[in-house]
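Tertiary structure, described
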Amino acid sequence: MVPDSSPPATPRWHAVDAPAASGRAAPSPVPAILVVLTGIVATVVLGLTVDARTGALTLAATLAVAGAWRATSPTGPAGLAIRSRGFDVFLCWSAATGLSVLALTAPGI
């Protein structure tokens, strides 16, 4: 058996160069995560210490802020921009509206 002296062939995908970066870094998801996490923590704290209605309204406000942020941000906040802009805004605002209506009309909470 004779050893192969030629170098191994480079796979085809290694021959393609990646496009040059545009120089602008992708937006960080940290601000969006912090806003939503703060809203959820406030919801839990207010729901346990004040009452369930206040907690539910805080969650609705968090959803409304997330929807407004998605609607007004030019690129969409990283971490909140998942689907199309219109669908994200509709989903956040309709959930906020539904939760607010239920929190305000539910008896006994």
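Before going into details, it helps to say that this report is about the structure given with it. (Residues numbered from 1 in each chain as written. Predicted model: local features only at pLDDT ≥ 70, side-chain atom pairs only at ≥ 80, totals over all residues. Heavy atoms only, no water.)

One can describe the packing of helix H1 (residues 30–49) onto helix H2 (residues 52–72) by two numbers: an axis separation of 7 Å at closest approach and a directional angle of 165 degrees. With respect to each other, H1 and H2 are oriented roughly antiparallel. Here the hand of the crossing between H1 and H2 comes out right-handed. Touching Pro31, Ala32, Val35, Val36, Gly39, Ala42, Thr43, Leu46 and Gly47 of H1 are Ala52, Thr54, Gly55, Thr58, Leu59, Thr62, Val65 and Trp69, all from H2. The class makeup of the residues in the contact of H1 with H2 is 10 nonpolar, seven polar and no charged. (Axes fitted to C-alpha atoms, helices over the stretch in contact; angles between N-to-C directions. Helix = DSSP H or I, 4+ residues; strand = E, 2+ residues; numbered from the N terminus. Parallel < 35°, antiparallel > 145°, perpendicular 65-115°, else oblique. Left-handed = near helix turned anticlockwise from the far one by under 90°. Contact = heavy atoms within 4.5 Å. Nonpolar A, V, L, I, M, F, W, Y, C, P; charged D, E, K, R; others polar.)

Helix length check: H1 (20 residues) gives 28 Å between terminal C-alpha atoms against 28 Å at 1.5 Å per residue, within 8%. Lining the buried residues of H1 we find H2. (Expected span 1.5 Å × (residues − 1).)

Let us now look at helix H3 (residues 85–105). The α-helix winds at 3.6 residues per turn, so residues separated by three or four positions along the chain end up facing the same way. With 21 residues, H3 should reach 30 Å at 1.5 Å per residue; the first-to-last C-alpha distance of 30 Å fits that figure. Along H3, the positions that sit buried rather than exposed are Asp88, Val89, Cys92, Ala96 and Ala103. Taken around the axis of H3, the buried residues stretch over an arc of 100 degrees, which confines them to a single face. Counted as exposed and oriented over 90 degrees from the buried face of H3: Phe90, Leu102 and Thr105. Buried positions along H3 lie against H2. (Buried < 20%, exposed > 50% of the residue type's maximum accessible area, 1.4 Å probe, protein only. Arc of directions from axis to C-beta.)

Checked against the element boundaries, threonine 43 lands in helix H1. If near-sequence neighbours (up to four positions away) are discounted, threonine 43 is found in contact with Gly55, Thr58 and Leu59.

With that settled, consider the packing of H2 against H3. Relative orientation of the contacting elements H2 and H3 amounts to 160 degrees, with a least axis distance of 8 Å. When the axes of H2 and H3 are compared, the pair comes out roughly antiparallel. At the point where H2 passes H3, the crossing takes the left-handed sense. Residues Arg53, Ala56, Leu57, Leu59, Ala60, Leu63, Ala64, Ala66, Gly67, Ala68, Arg70 and Ala71 of H2 form the contact with H3, whose own contacting residues are Arg85, Asp88, Val89, Cys92, Trp93, Ala95, Ala96, Leu99, Ser100, Ala103 and Leu104. Grouping the amino acids of the contact of H2 with H3 by side-chain chemistry returns 17 nonpolar, two polar and four charged.

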